[in-house]
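Per-entry structural report
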Amino acid sequence: VYHTPELTPADKAPDCAIAVDVLRATSTMATVLAAGGEAIQVFSDLEKLMHVSESWLPEKRLRAGERGGGKVPGFELGNSPLDCTPELVQGRRLFISTTNGTRALQRIQDAATVITAAFINRAAVVRYLIEKQPETVWIVGSGWEGSFSLEDTACAGAIAQHVVQETNLPLEELAGNDEVISAIALYSQWQDNLLGLFHACSHGQRLLRLDCHEDLKYCSQTDILDVLPMQREPGVLKS
Ligand code: MLT
């Protein structure tokens, strides 16, 4: 478990890397693909996003831009998963740039397999890990501009705890891995009150100030979408 993209090693890549940005980028991505979106293409740079998406027919694309939690002017969408209804996203590609989530994805894009996780698609991620058994797995929290994120770490713990439980992995196997042990402990403390965790964490507070209470509620649900966003070409995710 790495708490921010900045803390991931730059000189090697794992068999499987999992980007986590529960509030809200990876929750939005799972929602878009579950609702029939064609793909998600991620950008750290807004201008590049505009340039690349320009060659797509307007009815085949959606542009989502978020900075500081708010929608970027001129974009159709910000980063609210609740805006991503099947009526809107069906058959369209989401071109998206967010403050932290898309940066995390770009940092890990050289891993053999790249997937995204949030609480809403946690079970699909756990099932993938158990079925494929990749030897090295990184779970990378997006954080906020380089700092620790409570909600992403708890989600990493939710994934790790279920893999441990479902594979009957002896807990001693985790000895020495301080990040995973602390992520599991954090999840264990909050698992019955994820909305409470979102209200307590700094990015949850930021989103509440922006009137995003319904987003927090939606993102605090566990295992509601059976979808596994996976990178199919650099920067492009499909289910
Ligand atoms: C991000 O990528 O920084 C977040 O998803 C921000 C947000 O909640 O929109």
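Please read all numbers here as calculations on a predicted model, not as lab measurements.

The subject of this paragraph is the site of the ligand. Taken together, 13 residues lie around the ligand, and R24, T98, N100, G101 and H203 are the ones closest in. Backbone polar atom of G101 to an oxygen atom of the ligand: 2.7 Å apart, as the coordinates give it. Contact with the protein chains removes 100% of the 270 Å² of surface that the ligand exposes when unbound. Per-class residue counts for the shell around the ligand are 4 nonpolar, 6 polar and 3 charged.

With that settled, consider the confidence of the model for the chain. Predicted confidence across the chain gives a mean pLDDT of 94, with 100% of residues reaching 70 or more. With pTM at 0.95, the complex prediction returns an ipTM value of 0.93.

So, about helix α9 (residues 202-209). Count 3.6 residues to each turn of an α-helix, and residues three or four apart come out pointing the same way. By the burial criterion, the buried members of α9 are H203, G204, R206 and L207. Angular distribution of buried residues about the axis of α9 spans 155°; they occupy a single face of the element. One or two residues past the end of α9 sits D211, with phi positive at roughly 65°.

Note on placement: S44 falls in the loop between β2 (39-42) and α2 (46-53). Separated by 56 residues in the primary sequence, S44 and N100 have C-alpha atoms spaced 8.5 Å apart. Residues within four places of S44 in sequence aside, it is in contact with R67, S97, T102 and Q106. At 2.8 Å, the side chain of S44 and the side chain of Q106 are in polar contact.

So, how was this worked out
Residues numbered from 1 in each chain as written. Predicted model: local features only at pLDDT ≥ 70, side-chain atom pairs only at ≥ 80, totals over all residues. Heavy atoms only, no water. Near = heavy atom within 4 Å. Polar contact = N/O pair within 3.5 Å; in protein donor to acceptor, adjacent residues only side chain to side chain. Areas by Shrake-Rupley, 256 points an atom, 1.4 Å probe, with all protein chains shown as cover. Nonpolar A, V, L, I, M, F, W, Y, C, P; charged D, E, K, R; others polar. pLDDT = per-residue confidence, 0-100. Buried < 20%, exposed > 50% of the residue type's maximum accessible area, 1.4 Å probe, protein only. Helix = DSSP H or I, 4+ residues; strand = E, 2+ residues; numbered from the N terminus. Arc of directions from axis to C-beta. Contact = heavy atoms within 4.5 Å.

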